[in-house]
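Here's the letter readout for the chains.
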Amino acid sequence: MKLNKIEHTFSSMKSETSDEHVLIISGAIGEGGYFYEGTSATDVRKALENVEAKTIRIKLNSPGGNAFDGLEIYNYLKDLDAHVIVEVTALAASAASIIAMGADEVIMRTGSTMMIHNASTITYGNKDEMLKVHEYLAKIDTSIIDVYKEKTGLSTDEIKEMLNNETWFTASEAVEKGFADSYETQTKEEKEITSYLNSNYSISQKIDVENEIKEIKNQISELQNQEVKDKSVNDNRLKSLLF
């Protein structure tokens, strides 16, 4: 399936309010050339080689591109000491989905999608050359399956079937199948809280505060459940008096 072009954007910046470095990758993955611009493994490596931030956040929107660049970026991200977060802001397809698998945390933003498929190429030649290309693509597919297996824990056969069918995932489906860790469902108020925490707290402090918020929510939920139970008991007592 041919995907619409996504304009190339590649930028790297340190967040002014937290110990976090942000990398924006939009458009094709690969060296690029006369007909298109792309983000290569070399670009990513150079952008991050002197970064000392504890968290690296990659905002990713790409239809894919060169599988080998995708695999190199994937392994580079896995080797980093920093906590790597990939936010899929719209699309992570083909080689871009491989990049996402290299993160410690993959977040699907509202309305985003992910797509995986078998490796493909354009070639010409005689039947012997075509057979070589077939073997070459089959080996790339095997490598890609290993990447997805490590992230998702799915079986080889299940992933192979997904690749054969060129599978598209909504944000929730990507999480359900293990290709992502969470998807954005925050209310406006929750987004404001998250933004405030990111701006004013360290990672460890933020985790503590988030845990406290969860505990408070659980307590509220328990009180609400108890209130429902008490109301039910009172209703039953009233019925016994009336009838």
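Note: the structure precedes this text.
Caption draft 1: The arrangement of the pattern of salt bridges in detail. Under the criterion given, the structure shown has nine salt bridges. A salt bridge links E87 to R57, with the shortest nitrogen-to-oxygen separation between them at 2.5 Å. Of the two residues, E87 sits in strand β6 (residues 83-93) while R57 sits in strand β5 (residues 55-62), which places them 30 residues apart along the sequence. No difference in accessibility class separates E87 from R57, as the two residues are buried. Across the pair E87 and K59 runs a salt bridge, and its minimum N-O distance is 3.0 Å. Linking E87 in strand β6 with K59 in strand β5, this pair joins segments that are 28 residues apart in sequence. By relative accessible area, E87 is classed as buried at 6%. A relative accessible area of 25% places K59 in the partly exposed class. Here the salt bridges do not stand alone but share partners, grouping E20, R57, K59, E87, R109 and E184 into one network.

Caption draft 2: The nonpolar core, seen in detail. I58, L60, L77, M101, M114, Y148 and F179 are the most contacted members of the largest nonpolar core, which totals 49 residues. Look past the residues within four positions of L60 in its chain and what remains in contact with it is I25, V86, E87, V88, T89, A90, L91, A92, A96 and A100.

Caption draft 3: Spatial organisation of the packing of helix α2 (residues 67-79) against helix α4 (residues 127-152). With their axes 12 Å apart at the nearest point, α2 and α4 run at an angle of 30 degrees to one another. By the angle between their directions, the pair α2 and α4 is classed as roughly parallel. Relative to α4, α2 is oriented so that their crossing is left-handed. Mapping the contact onto sequence places A67, F68, L71, Y74 and K78 in α2 and Y136, I140, V147 and E150 in α4.

What counts, and at which threshold
Residues numbered from 1 in each chain as written. Predicted model: local features only at pLDDT ≥ 70, side-chain atom pairs only at ≥ 80, totals over all residues. Heavy atoms only, no water. Salt bridge = Lys/Arg side-chain N within 4 Å of Asp/Glu carboxyl O. Helix = DSSP H or I, 4+ residues; strand = E, 2+ residues; numbered from the N terminus. Buried < 20%, exposed > 50% of the residue type's maximum accessible area, 1.4 Å probe, protein only. Core = buried A, V, L, I, M, F, W, Y, C linked by side-chain atoms within 4.5 Å. Contact = heavy atoms within 4.5 Å. Axes fitted to C-alpha atoms, helices over the stretch in contact; angles between N-to-C directions. Parallel < 35°, antiparallel > 145°, perpendicular 65-115°, else oblique. Left-handed = near helix turned anticlockwise from the far one by under 90°.

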